[in-house]
Amino acid sequence: MKVLLGITGCIAAYKAPELLRLLQKRGCEIHVVMTENAQNFVTPATLAALSRNHVYTAMFPDPDSPSGLDVAIDHIRLAHSTDLLLVAPATANTLAKFANGIADDFLSTLYLATKVPVVVAPAMNADMWRHPAVQANVRQLASLGVNIVEPEEGYLAEGIIGKGRLAALETIVERVFQVAAPAQDFLNDTVLVTAGPTCEDIDPVRFLTNRSSGKMGYQLAQAARLRGARTLLISGPTRLDPPAGVEFIAVRSTEQMREKVLQRFPEASVVIKAAAVADFKPKTTAGQKIKKDGKPMVLQLVPNPDILKEVGAKKQGRILVGFAAETESVLLNGQRKLKEKFLDLLVANDVSQAGAGFDSDTNIVTILTRDGQQFRLDKRPKAEVAHEILNQILAFRKRHA
Ligand code: PMT
């Protein structure tokens, strides 16, 4: 989901970088707009570094700068290319401008131009918040369909306790997801997703693994959860936090992943295997660290069980989706795996391309279906790829209802 984060000028702006990180952890792509006053509290450089995107600060930037002209018309492009506008913290001044259609800077102009849902999280002094003019603006915004995350009672910057403190960042993030929640079209499903690599131990300190970060599988689990599915995520070791609301099952080796998948897949109506499973493991695992003796060492590998094929053989009415990480003859190999593993859909992943496959935030895939359809997705964030895979599952199910 693409979120446009508007930051306005009050002390709570120092919390904006943390809010940005929380949204990113939930899979959001963030673009930031800052008012002039916001820049007194937090710098555009911080937000540019964290968001990895240009930060918009002025309506009419320096025309001599290389991107000057582009930025001048960007409020319209940005307004139309995002999924949600979140303004946090929102000052009394910004609330007043939004409520009354005043467009005198980049953020307020963008607000008027956008048609996407808007969430504002006000923060200010308690007396200001209580002021009838501010309360009238808040009511006006609510009547225009703007979602208000009310400030909280608490210790304010001026040293008194009162209502005006920016709502807890988790509360703001939850509201963003509630407001932008996609259709609950997996409400009656249990979706089982596998993600990440598997690790095969050679001895107590060494193991065989691969470059999977888990990002693709975690985005799939999050997307399924957001769309209403009860979601099980079986994952090899990664550095990622499991998405909220997902039942998380950690595994390490292929054998452990197999055991958990076979145990849990009877509960699932949809199984998606994004994990990069080790095809081989050492024939034996040494009990002690193997010592070097100057001679070449031969490591004998034996094949691991093919979990997906095993599930495919007993899938019954379940929809089974596999991935294929390939570096050559991608579609041909994908078609072969689709048949061999009794799959309904196969996501063919050319992992040799820049911006695709292992550890990248984007992916480039072609979705192949058992009934001969083929959908190519050009480079896009893994979160979007995940939603498109879910869309194709629904379309497949509809064709075979
Ligand atoms: O995790 P990321 O860094 O985001 O990277 C994403 C990804 C590249 C790992 C992902 O997009 C991907 O392509 N996953 C599948 C990787 C893989 O193992 O491909 P494969 O062609 O070797 O396996 C085909 C399918 O069989 C996969 O669904 C795999 O989970 C499954 N399999 C493979 C071997 C095995 N022993 N058991 C299996 O179940």
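Right above here is the structure, for reference.
What this report covers is the structure whose coordinates are included nearby. (Residues numbered from 1 in each chain as written. Predicted model: local features only at pLDDT ≥ 70, side-chain atom pairs only at ≥ 80, totals over all residues. Heavy atoms only, no water.)

Next up on the list: the pairing of strand β7 (residues 152-155). Looking at chain direction, β7 and strand β8 (residues 161-165) are connected through four bridges and run antiparallel. Looking at the pairing, Tyr155 lines up with Ile161 of β8. Between β7 and β8, which pair antiparallel one after the other, the connecting turn spans five residues, and Gly159 there sits at a positive phi close to 90 degrees. (Pairing = 2+ DSSP bridges. Helix = DSSP H or I, 4+ residues; strand = E, 2+ residues; numbered from the N terminus.)

Below, the discussion takes up the sheet that holds strand β6 (residues 147-148). The strands making up a sheet associate through hydrogen bonds between their backbones, and the pairing can be parallel or antiparallel. As summarised here, the arrangement of the six strands in space is β3-β2-β1-β4-β5-β6, forming an open sheet in which the pairing is parallel. One side of each edge strand has no neighbouring strand; the edge strands of this open sheet are β3 (55-56) and β6. Where strand β5 (residues 118-122) and β6 come together, two bridges link them in parallel fashion. Across the sheet, residue Val119 finds its bridge partner in β6, namely Asn147. Here helix α1 (residues 16-25) sits on the sheet and contacts β1 (2-7), β2 (29-34) and β4 (84-90); the angle it forms with β1, its principal contact strand, is near 175 degrees. Running at roughly 170 degrees to β2, helix α2 (residues 44-51) makes contact with β1, β2 and β3 of the sheet. (Contact = heavy atoms within 4.5 Å. Axes fitted to C-alpha atoms, helices over the stretch in contact; angles between N-to-C directions.)

With respect to spatial proximity, 27 residues lie near the ligand, and among them Ser212, Ser213, Lys337, Asn349 and Asp359 are the closest. Ser213 is positioned such that a nitrogen or oxygen atom in its side chain is 2.6 Å from an oxygen atom of the ligand. Between an oxygen atom of the ligand and a main-chain N or O atom of Met216, the distance comes to 2.8 Å. Taken by itself the ligand offers 770 Å² of open surface, and the protein chains cover 96% of this. When atom positions are compared with the pocket grids, the ligand is found to occupy the second largest pocket. Those elements that provide at least two residues to the shell around the ligand are α10 (215-226), α12 (307-313) and β17 (319-326). The element that contributes the greatest number of residues to the shell around the ligand is β17, accounting for four residues. Considering only residue class, the shell around the ligand consists of 12 nonpolar, seven polar and eight charged. (Near = heavy atom within 4 Å. Polar contact = N/O pair within 3.5 Å; in protein donor to acceptor, adjacent residues only side chain to side chain. Areas by Shrake-Rupley, 256 points an atom, 1.4 Å probe, with all protein chains shown as cover. 1 Å grid on protein atoms, 1.4 Å probe; cavity = no way out; pocket = protein on both sides within 12 Å on 5 of 7 lines; lining within 4 Å. Sits in = over half its atoms within 2 Å of the grid points. Nonpolar A, V, L, I, M, F, W, Y, C, P; charged D, E, K, R; others polar.)

A separate point is the packing of aromatic side chains. Note on aromatic pairs: each is described by the distance of the centres and the angle between the planes. Overall, the coordinates contain three aromatic pairs when judged by the stated rule. Ring geometry for Phe98 versus Tyr111: centroids 4.0 Å apart, planes at 5 degrees, classification stacked. Residue Phe98 is found in helix α5 (residues 92-100), and its partner Tyr111 is found in helix α6 (residues 106-113); the two are separated by 13 residues along the sequence. Since its relative accessible area comes to 10%, Tyr111 is described here as buried. Above the plane of the ring of Phe177 lies Arg26, whose end atom (NZ or CZ) is 4.1 Å from the centre. Stacked on the ring of Phe207, the Lys or Arg Arg252 has its end atom at 4.9 Å from the ring centre. (Phe/Tyr/Trp six-rings, centres within 6.5 Å; stacked < 30°, edge-to-face > 60°. Buried < 20%, exposed > 50% of the residue type's maximum accessible area, 1.4 Å probe, protein only. Lys NZ or Arg CZ within 6 Å of the ring centre and 35° of its normal.)

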